[in-house]
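Below are the chains, spelled out letter by letter.
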Amino acid sequence: MTRDKRIHLAWFLGHGFGVSDWRSPWHGTGGHDWMRPDFHQDFARSLERACFDYLIIEDSSFVCDAYGQSSEIYLSNAMTVPKHDPAVLASVMLLATRRLGIVPTLTVTEYPPFLLARLVATLDGLSAGRAGWNIVTGSSDRAAQNYGKDAQPPHDLRYDMAQEMTDLVKQLWGSWEPDSIRADIAAGVFAEHTKVNPVDFSGTYFTSRGPLNTAPSPQGRPALVQAGGSARGREFAARNADSVIASANTPEMMKEYRDDVRARAAAAGRDPDEIKVLFLVTPYLGETTAEARDRKARHDDEAWQHPERGLAGMGFITDIDFSGYDVDTPLGQLRTTFSTNGHQSSLALRLGKGEQTTLREVAAGGYAFEPVGTPAEVADQVDAAMAEAGGDGLLFNVSPLNRRTIAEITDGLVPELQARGLSRTRYDHPHLRGNLRAF
Ligand SMILES: Cc1cc2nc3c(=O)[nH]c(=O)nc-3n(C[C@H](O)[C@H](O)[C@H](O)COP(=O)(O)O)c2cc1C
């Protein structure tokens, strides 16, 4: 019998319900109709055709003004803004699909637990078991200021809050026993009141009586996704997540990350196989090897010519204003200058390059796995990387996002992965968590 070497595929919709592509040669009408459902629904159907496990919708709840202490670069480039609410987009995409999992990002410091539990349970019910929650703790003080606070709580404390909130949300999801709805016309009983119980949760940060006022959701507990990069973040992910998403640009880094999360999960009493660790991948595809290499070279050149865009992106996740530094200064002279209460591991990954690396090189990116070639060549590179890392799968992050770049993955690369037995050709289960656990 041949080994099942299938990997899970997911996609990171990196700008929430926002502008994906409004200016590349393949932008279509992306600058004008991104607020309408059509593009997003076509996108979701494409992922389903390619049997992706799930799609994550990013969120961050602020207009960034980190770079140069101005929102100009973000607004003029439609960088992270404008966008809308991920949970609303999730329902629009779920209704256009039948098997794909959809996972909106919902921030612990922004939602009351009851509201969050009800929202995700509703998505799960409407989609017959395909909803998840990407648990994030928030990062920017600007977002905190939109919710009546001056600043984000300290980084590790946010993870303590996330743990308590996750515990409470899970209890609320469990507040209706699975067989609580009888809908028994003869007996005149719809729901069995003895099977719908308050949770009476009183924690350090959150309090809620319960029970939830939605029905038990099809998955019982919707799928939990998390990206924890710091030690505290990995600990949280290992304890809670059905799927962990991470950036690592080499198979060695992937292996280290996955082994660590799995060890932490085992130490916490979980079966590590319950957790699917997916790594960010940005493939550069072409019909020929030369075309793919040329696309990558053009992308790198653009990033080199415009370091301000990469640095503005780093400001978005760290609240740091990188505008005042000479971009050609070696990191060795700068590194200790920067610290963040935001995405700590992402900053460490970027500043962890050699002493002689300049800020311009840091801004140029390269923090995901970036295979280059024809669909067949990229599939071979994926095969080799996953075999070496023991990886559970990949999280695609593609920019610009338009109908062409989506089709390159779903109709170019995925058939090559399927031909190698690397990805599924049909869904194993009606539920998202069932598909994640299928192999
Ligand atoms: C692939 C990926 C997607 C993420 N998506 C979001 C997001 O949508 N919103 C958000 O606030 N943080 C997001 N994060 C940040 C993580 O939730 C986390 O804060 C970050 O990885 C830093 O982890 P650390 O603070 O444990 O180092 C994402 C991280 C990764 C790697």
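By the naming in an unreviewed UniProt entry, the protein goes by NtaA/DmoA family FMN-dependent monooxygenase and is assigned to Streptomyces cellulosae. For the record of the protein, the UniProt heading Sequence similarities (unreviewed entry) holds the text "Belongs to the NtaA/SnaA/DszA monooxygenase family."

Draft legend 1. Broad picture of the site of the ligand. In the vicinity of the ligand there are 19 residues, among which D59, H155, Y159, S230 and S345 approach most closely. Coverage of the ligand by the protein chains reaches 92% of its 620 Å² of free accessible surface. At the level of elements, α6 (155-173) and α11 (344-351) are the ones that each hand at least two residues to the shell around the ligand. Per-domain counts for the shell around the ligand show at least three residues from each of domain 1 (8-289 + 369-437) and domain 2 (291-363).

Draft legend 2. Main features of the packing of helix α13 (residues 375-389) against helix α14 (residues 403-419). α14 packs onto α13 with a crossing angle of 50 degrees between their chain directions and a minimal axis gap of 8 Å. The pairing of α13 with α14 is recorded here as oblique in orientation. In terms of crossing hand, the pair formed by α13 and α14 is right-handed. Packed against α13, whose contacting residues are P375, A376, V378, A379 and V382, the element α14 presents G412, L413, E416 and L417 at the interface. A breakdown of the residues in the contact of α13 with α14 according to their chemical character gives seven nonpolar, one polar and one charged.

Draft legend 3. Structural context of the pairing of strand β1 (residues 8-13). The buried count for β1 comes to six of six residues, which makes it a mostly enclosed element. Residue alternation in β1 divides its side chains into two sets, H8, A10 and F12 and L9, W11 and L13, and both sets are buried. Pairing geometry for β1 and strand β3 (residues 54-57), over four bridges, is parallel. Bridged to F12 within β3 is I56.

Draft legend 4. The arrangement of the environment of R424 in detail. Positionally, R424 belongs in the loop between α14 and α15 (432-437). A sequence separation of 265 residues divides R424 from Y159, and the C-alpha atoms of the two residues are 34 Å apart.

Draft legend 5. Broad picture of the environment of A151. Take A151: it is sitting in the loop between α5 (141-146) and α6. As for A151 and D141, which are separated by ten residues in sequence, their C-alpha atoms are 4.5 Å apart. Apart from residues lying up to four places away in sequence, A151 is in contact with D141 and A144.

Draft legend 6. Representation of α13. The terminal C-alpha atoms of α13 lie 21 Å apart, and with 15 residues this matches the ideal 21 Å at 1.5 Å per residue to within 8%. Looking at α13, one finds that the buried residues are V378, A379, V382, D383, A385, M386 and A389. Looking at the buried side of α13, the elements it contacts are α8 (251-267), β14 (284-285), β15 (372-373), β16 (393-396) and α14. Just downstream of α13, G390 is the residue with a positive phi angle, here 65 degrees.

Draft legend 7. Examining the sheet that holds β16 more closely. Strand order in the closed barrel formed by eight strands is β1-β3-β5-β6-β11-β12-β13-β16, with parallel pairing between adjacent strands. Each strand axis lies, on average, 25 degrees off the axis of its neighbour in the sheet, ignoring direction. Note that strand β5 (residues 101-107) and strand β6 (residues 132-136) share three bridges and pair parallel. Counterpart to L106 in the pairing with β6 is I135. In the packing of helix α7 (residues 231-240) onto the sheet, the strands contacted are β6, β11 (223-226) and β12 (243-246), and the crossing angle to β11 comes to about 165 degrees.

Draft legend 8. Local environment of the packing of aromatic side chains. Scanning all chains against the criterion turns up eleven aromatic pairs. Between W11 and F43 the ring centres are 5.2 Å apart and the planes differ by 80 degrees, which places this aromatic pair in the edge-to-face class. Here F43 lies in helix α1 (residues 37-49) and W11 lies in strand β1, a separation of 32 residues in the sequence. For F43, a relative accessible area of 1% translates into the label buried. When the ring of F39 is compared with that of F43, the centres are 6.3 Å apart and the planes differ by 25 degrees; the resulting orientation is stacked. Taken together, the residues F39 and F43, both in helix α1 and four residues apart, mark about one turn of the helix. The same class applies to F39 as to F43, namely buried. Linked through ring pairs, W11, F39, F43, F52 and F396 together constitute an aromatic cluster. The ring of Y367 is capped by R350, whose NZ or CZ atom sits 4.3 Å from the centre of that ring.

Draft legend 9. Structural context of the pattern of salt bridges. Following the criterion strictly, the structure yields 34 salt bridges and no others. Each of R234, E235, R239, E256, D260 and R264 takes part in one network of salt bridges that share partners.

Draft legend 10. Representation of the packing of α8 against α13. Running from amino to carboxyl end, α8 crosses α13 at an angle of 40 degrees, the nearest separation of the two axes being 8 Å. In terms of their interaxial angle, α8 and α13 are classed as oblique. At the point where α8 passes α13, the crossing takes the right-handed sense. The segment α8 lies against α13, with P251, E252, M254, K255 and R258 engaging A385, M386, E388 and A389. Residue composition of the contact of α8 with α13, by class: five nonpolar, no polar and four charged.

Here is what the cut-offs are and how they apply
Residues numbered from 1 in each chain as written. Predicted model: local features only at pLDDT ≥ 70, side-chain atom pairs only at ≥ 80, totals over all residues. Heavy atoms only, no water. UniProt positions renumbered as here; feature names shortened; annotations may be inferred. Near = heavy atom within 4 Å. Areas by Shrake-Rupley, 256 points an atom, 1.4 Å probe, with all protein chains shown as cover. Helix = DSSP H or I, 4+ residues; strand = E, 2+ residues; numbered from the N terminus. Domains from an automatic or database assignment. Axes fitted to C-alpha atoms, helices over the stretch in contact; angles between N-to-C directions. Parallel < 35°, antiparallel > 145°, perpendicular 65-115°, else oblique. Left-handed = near helix turned anticlockwise from the far one by under 90°. Contact = heavy atoms within 4.5 Å. Nonpolar A, V, L, I, M, F, W, Y, C, P; charged D, E, K, R; others polar. Buried < 20%, exposed > 50% of the residue type's maximum accessible area, 1.4 Å probe, protein only. Pairing = 2+ DSSP bridges. Expected span 1.5 Å × (residues − 1). Phe/Tyr/Trp six-rings, centres within 6.5 Å; stacked < 30°, edge-to-face > 60°. Lys NZ or Arg CZ within 6 Å of the ring centre and 35° of its normal. Salt bridge = Lys/Arg side-chain N within 4 Å of Asp/Glu carboxyl O.

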